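Observations on chain architecture
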Amino acid sequence: MKQFSAEQLNQVQAIIARYPEGKQKSALIPLLHLAQETFGGWLDTETMDYIAALLTIKPIEVYEVASFYSMFHMKPVGKHVFEVCQTGPCMLNGSDEIIAYIKEKLGIEAGQTTADGLFTLKPVECLGACGYAPMMQLGKHYKEFLTKEKVDQIIEELRTASKH
Amino acid sequence: MSEQIKVTIDNITVAVAPGTTILQAARQIGGEVTPPAMCYYSKLEGSGGKCRTCLVEVSKGSEKDPRPMPKLVASCRTPVSDGMEVKNITSPKVLDARAGIVEMLLINHPLDCPVCDQAGECHLQDLSYEHGASSTRYEFDRRTFEKEDIGPYIQLHMNRCILCYRCVYTADQLTGKREHGVLDRGDHAAISTCIGKALDNDFIGNVIDVCPVGALTDKTFRFKNRVWFTKPVDAHRDCPTCSGKTRLWMRGDEVYRVTARKDKWGEVEEWICNTCRFDKKQASDWKIEGPSKIDRHSVIAQGHYEGVLKPQNFLPEVIGRNPKLLMNIHDVSGVNKNDIELSKLNGPAHSSDFDKK
Amino acid sequence: MSKKILLEHAHIEGIRFYETYRKNGGYRSVEKALKMSPDDIVEEVKKSGLRGRGGAGFPTGMKWSFLAKPEGVPRHLVCNADESEPGTFKDRYLMEFLPHLLIEGLIVSSFALGSNATYIYIRGEYAWIPDILEQAIAEAKANGWLGKNILGTGFDCEIYVQRGAGAYICGEETALIESLEGKRGNPRIKPPFPAIQGLWMRPTVVNNVETLAAVVPIINMGGDEYAKIGVGKSTGTKLLSVCGNVNKPGVYEIDMTISVEEFIYSDAYCGGIPNRKKLKACIPGGSSVPILPANLLLKTAKGENRMMNYESLADGGFATGSMMGSGGFIVLDETQCIVRHTMSLARFYNHESCGQCSPCREGTGWMYKILKNIEYGHGKMSDIDLLWDVQRKIEGNTICPLGDAAAWPVAAAIRHFRDEFEWHINNPVEAQTRNYGLAHYADPIHVPTV
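These numbers come from a predicted model, not from an experiment.

1. A word on the overall build of chain B
Helix and strand counts for chain B stand at ten helices and 13 strands. Computed over the C-alpha atoms, the radius of gyration of chain B is 23 Å, within 12% of the 21 Å expected from 2.2 N^0.38 for a compact globule of 357 residues. With the C-alpha coordinates of chain B rotated into their principal frame, the extents come out at 70 × 60 × 55 Å. Contacts in chain B between residues at least 24 apart in sequence constitute 62% of all its contacts with a sequence separation of at least 6.

Rendered as structure tokens:
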């Protein structure tokens, strides 16, 4: 069964303490972030039911929220998700070419994961880095001013890191 | 009746209690000046505001602040103020916007009325008939959803759903243990349990009655009959769970379907339990009170026989005079003379009946 | 001209940390404000003429004065850091480089509004910024600017950072509140407004990051002094985030007295357009506001120079003007395709619609599909009028402004670039290989003689 560590449970209590009594549901989105990071990068039913139990809310309330926000993955994803921005300002600076290049390089379509389970490509909408376009989100951070060479380099580094 | 405030809707003034919404005030007047409502449900707290079919123009905010409201407002969620003036059918802007909303509601609707059990009592059908266009400008594939089985009693057809959220509020407020909700977002938002669960609460069957379209229908009635072939009668039984006051939809002695009784706005009067709705399908289970009063101008009334209320004619009041007739049919036709009451004739009418005078 | 108030110390090394920030005059406004009465602070903000920097430009002081104060009911201040409007990344810059400025503004504003628990709702994708903010909060707390009995005044205040999880709609204040309550980001139906019933049904004020940061200089220099900066009703300084085809994209602070032309071509700001290409069009205030062709961008219909302020950018209404919006300045050079760009924005709004109300849920997808057809050579001439009609039926008829935000870019593109749409439809094959180009969009404007 899925379970947060003791340290994480303390963190959960600290998050709930930010809100008035009885308003613990407000902790839902922070907890889903924590759960997604902890349990394999996506949210399965078991995980969401666990969060519902932690917050004493109905499971459907968790499903509704998790499926609304685009950062929560309701299906398994690769170890690294390339979330490449494709909205207007990034498009003006060549995001379409970057997406096409990643597709070609990894041999996957948008929304797919490579056979080795390392990479998922997910074109997304504006990430608020329009001045540093084209860009993508990789985990917690942004990779900005992308070029084909930069993409090569990122992929190479991640591949090397995964071997160790 | 102290503390009543006055609001004028389409030139008809009505006094209402403070806090009343424009839609409720209009319902007090009744007839065509009442905006249609696809998502609002007076018995469900928090409902309304979403479908936008009840948009009206507020041409005067109130006596104190007569400025008009800049945008059309959802009449179901906007409270009236004293001296407010509202335009519904007298506002071309409202009718134009409403036609737009109907079009939006229909572009992805499957229009599978011929095989839909809701046909005949569907509010979207009524709405399209009154405000819609005869053809569509939408040339793309219609959106479809994967089928989800939500148990032996309720059939979910997500393709038909207009996302009014009524069933969500119903489950929240009647069962206290909601197991379905709205998942995903935008044009992919869908009613679902997420985990393919069977809904089994004692009162969950009411979601069928609140659904304005054929998205939630009665599985025990599925494909059994068209509603306009069945005759509604009011009936009751001693039920340990609910009031037991229901409406039976019968053909001959056979009970095809059991629903709650609905008022003239199509809203449930008293919620009923699943046992009454799904399990009591024998005429002998019920004490029949008599034919139901049907006054919605839907097709159900057409096959009906008694107690159909004629709609009131508000036109003279709304436009402030009697409508001008382009031509009086009686001036040019010998048929339908004013002074002949056809229903009083013995047997079928003959030409000789009109020649008498 | 360039006037730095918010970004005055942005270049100083270590300004992200408390010691350096304090040494450079940080937290003076808290010392001053906590000796004032809350009502006097609201009065100063009113006097300053500060307008909401999130996009709508509503006077902040007035918004604050609407806050209900029922006895015994806690009130909340919520900082809207859900910056998601395409073209806008100024709040990110502020929070990343000057976190203490925001915290300082939040303390003063919380005191003015009586909020003992203040929340920063930041978009989920800015995943590294909550750490920066939380560190700043911890430093402020350790130095007595936050927590219990601040500066011995008896005022208690805590600031919490909450991350969203990817939803543009949560930038709408009631959707933000819903999200903060742990729900789907569905905007609420108003009334009631947040000032009466907001977070947990308590009176709430929601303000943008830049707005709250601007409270600091307002208190420091006084509302009247602040109002002297800028012009007319565009007081103070405004942060602009520049992107698209410019030499120097980034965040700039201006005092709203410079012209658009200077802003684009001066080396102090955007530094012109790369490779000496010509200016074709520009969206001056974030993707939702109307796009303008070069000629109407630089000059108003009256033939006057267009200035970088609320009034001048809006001059001529939507027929020939645009809006200041959130300050997301998107520049398109002569090689860009308006149809493709509009399609990309339509896809954005379709993706970000919450799906609650029918015109937006259905209409945004419809517009995107029509635009996709035109872009990929399957358009018909009647599609342009259809598109116009669809956007018209969304605008003004939705629960929240996302409907308008989706409709305006499409409307403006058709209004000013209709011939480019027609060219796309008439030359479906050619349009796949080349763009329409600059055409006449930079030609001198015809000034009608009245």
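Let us keep going from here.
2. As for the interface of chain C and chain A
The partner chain A presents 35 residues to the 46 residues of chain C that form the contact. Mapped by element, the contributors of at least two residues to the side of chain C that touches chain A are β4 (155-163), α8 (173-180), β8 (238-244), β12 (328-333) and α15 (338-352) of chain C. The leading source of residues in the side of chain C that touches chain A is α15(C), at six residues. Residue composition of the side of chain C that touches chain A, grouped by class: 17 nonpolar, 20 polar and nine charged.

3. A closer look at the environment of B:Met69
Residue and element names in this part refer to chain B. Take Met 69: it is sitting in the loop between β3 (55-60) and β4 (73-74). Taking the C-alpha atoms as reference points, Met 69 and Lys 324, separated by 255 residues in sequence, lie 33 Å from one another. Setting aside residues no more than four positions away along its own chain, Met 69 makes contact with Val 58 and Gly 61.

4. Some details on the sheet that holds strand β2 (residues 117-122) of chain C
Residue and element names in this part refer to chain C. Judged by pairing direction, the sheet is mixed, and its five strands sit side by side in the order β3-β4-β2-β1-β5 without closing on themselves. Looking at which strands have only one partner, the edges of the open sheet turn out to be β3 (147-150) and β5 (204-208). Taking each pair of neighbouring strands and ignoring which way they run, the sheet shows an average axis angle of 25°. Alignment of β3 against β4, held across two bridges, turns out to be antiparallel. Residue Ile 150 lies in a different strand from β4, and its bridge partner there is Phe 155. Strand contacts of α8: β1 (76-81), β2, β4 and β5, with the helix running at about 105° to β1, the strand carrying the most contacts.

5. Topic: the packing of helix α6 (residues 99-113) of chain C against helix α9 (residues 209-221) of chain C
Residue and element names in this part refer to chain C. Look at α6 against α9: their axes get within 8 Å of each other, and the N-to-C directions meet at 75°. Regarding the angle of α6 to α9, the classification is roughly perpendicular. The residues of α9 that touch α6, namely those facing Leu 101, Leu 102, Glu 104, Gly 105, Leu 106, Val 108 and Ser 109, are Val 209, Leu 212, Ala 213, Val 215, Val 216 and Ile 219. For the contact of α6 with α9, the class distribution of residues is ten nonpolar, two polar and one charged.

6. Structural notes on helix α17 (residues 381-394) of chain C
The complete set of buried residues in α17(C) reads C:Asp383, C:Leu387, C:Val390, C:Gln391, C:Lys393 and C:Ile394. Down the axis of α17(C), the sector holding all buried residues measures 160°, keeping them to one side. Every exposed residue of α17(C) that faces more than 90 degrees away from the buried side is listed here: C:Met381, C:Ser382, C:Asp385 and C:Asp389. Summarising the contacts, the buried residues of α17(C) are in contact with α2 (92-107) of chain B together with α16 (358-375) and α18 (402-426) of chain C.

7. Side note on the domain arrangement of chain C
By a widespread convention, an interface's size corresponds to the accessible area lost as its parts come together. All names here are of chain C. The assigned domain composition of chain C is domain 1 (18-228), domain 2 (234-333) and domain 3 (338-432). Placing a centre on the C-alpha atoms of domain 1 and another on those of domain 2 gives a separation of 28 Å. Domain 1 puts 19 residues into the contact, and the matching count from domain 2 is 20 residues. Those elements giving two or more residues to the side of domain 1 that touches domain 2 turn out to be α5 (90-97), α9 and α10 (223-228). Taken together, the residues of the side of domain 1 that touches domain 2 sort by class into seven nonpolar, seven polar and five charged.

8. So, the sheet that holds strand β1 (residues 80-85) of chain A
All names here are of chain A. With mixed pairing, the four strands of this open sheet are ordered in space as β2-β1-β3-β4. Both edges of this open sheet fall to β2 (119-124) and β4 (141-143), since each of them pairs with a single strand only. Direction aside, the axes of adjacent strands within the sheet are offset by 30° on average. The pairing of strand β3 (residues 136-138) with β4 spans three bridges and is classified as antiparallel. Bridge assignment links Met 136 to a residue of β4, and that residue is Lys 143.

9. So, the domain arrangement of chain B
Residues and elements named next belong to chain B. If you check the domain split of chain B, you get domain 1 (5-101), domain 2 (111-135 + 142-223), domain 3 (225-324) and domain 4 (325-355). Relative placement of domain 1 and domain 2: their C-alpha centres are 27 Å apart. Residue composition of the side of domain 1 that touches domain 2, grouped by class: seven nonpolar, three polar and three charged.

10. Concerning the confidence of the model for chain C
The predicted model of chain C averages 94 in pLDDT, with 98% of residues at 70 or higher. As scored by the predictor, the complex reaches a pTM of 0.92 and an ipTM of 0.94.

11. Regarding the environment of A:Gly88
Note on placement: A:Gly88 falls in helix α5 (residues 88-92). Considered as a pair, A:Gly88 and A:Cys130 are 42 residues apart in the sequence and their alpha carbons are 8.7 Å apart. The residues contacting A:Gly88, other than those within four sequence positions of it, are C:Pro86, C:Ser287, C:Ile330, C:His341, C:Ser344 and C:Leu345.

12. Description of helix α7 (residues 129-142) of chain C
Residue and element names in this part refer to chain C. Compared with an ideal rise of 1.5 Å per residue, which puts 14 residues at 20 Å, α7 spans 20 Å between its outermost C-alpha atoms and is within 8% of the ideal. Taken residue by residue, α7 has Ile 129, Pro 130, Leu 133, Ala 136, Ile 137, Glu 139 and Ala 140 as its buried positions. As for α7, its buried residues are in contact with α1 (18-23), α5, α6, β2 and β4.

13. Quick word on unusual backbone geometry
The amide bond that connects A:Ala133 to the next residue, A:Pro134, takes the cis arrangement and shows omega of -10°. Turning to its location among the elements, A:Pro134 is positioned in the loop between β2 and β3. Cis geometry is found at the peptide bond from C:Pro191 to C:Pro192, where omega equals 0°. Secondary-structure assignment places C:Pro192 in the loop between α8 and β5.

14. Some details on the pairing of strand β5 (residues 84-87) of chain B
Residue and element names in this part refer to chain B. Side chains of β5 alternate between two faces, with Met 84 and Val 86 and Glu 85 and Lys 87 buried alike. Relative to β5, strand β1 (residues 5-9) runs parallel, the two being bridged by three bridges. Residue pairing in the sheet places Val 7 in a bridge with Met 84 of β5. Strand direction decides the pairing type here: β3 and β5, joined by three bridges, are antiparallel. Its bridge partner lying in β5, Lys 60 is registered against Glu 85.

15. Quick notes on the nonpolar core
A:Leu32, A:Met135, C:Val78, C:Leu102, C:Val108 and C:Val331 are the most contacted members of the largest nonpolar core, which has 260 residues in total. For A:Leu32, the residues in contact, after removing those within four places along its chain, are A:Leu43, A:Ile51, A:Ala66, A:Phe72 and C:Ala165.

Cut-off values and rules
- Residues numbered from 1 in each chain as written.
- Chains lettered and ligands numbered in written order.
- Predicted model: local features only at pLDDT ≥ 70, side-chain atom pairs only at ≥ 80, totals over all residues.
- Helix = DSSP H or I, 4+ residues; strand = E, 2+ residues; numbered from the N terminus.
- Rg over C-alpha atoms; globule rule 2.2 N^0.38 Å.
- Contact = placed C-beta atoms within 7 Å.
- Nonpolar A, V, L, I, M, F, W, Y, C, P; charged D, E, K, R; others polar.
- Pairing = 2+ DSSP bridges.
- Axes fitted to C-alpha atoms, helices over the stretch in contact; angles between N-to-C directions.
- Parallel < 35°, antiparallel > 145°, perpendicular 65-115°, else oblique.
- Buried ≥ 20, exposed ≤ 12 C-beta atoms within 10 Å, placed from the backbone.
- Arc of directions from axis to C-beta.
- Domains from an automatic or database assignment.
- pLDDT = per-residue confidence, 0-100.
- Expected span 1.5 Å × (residues − 1).
- Core = buried A, V, L, I, M, F, W, Y, C linked by C-beta atoms within 7 Å.

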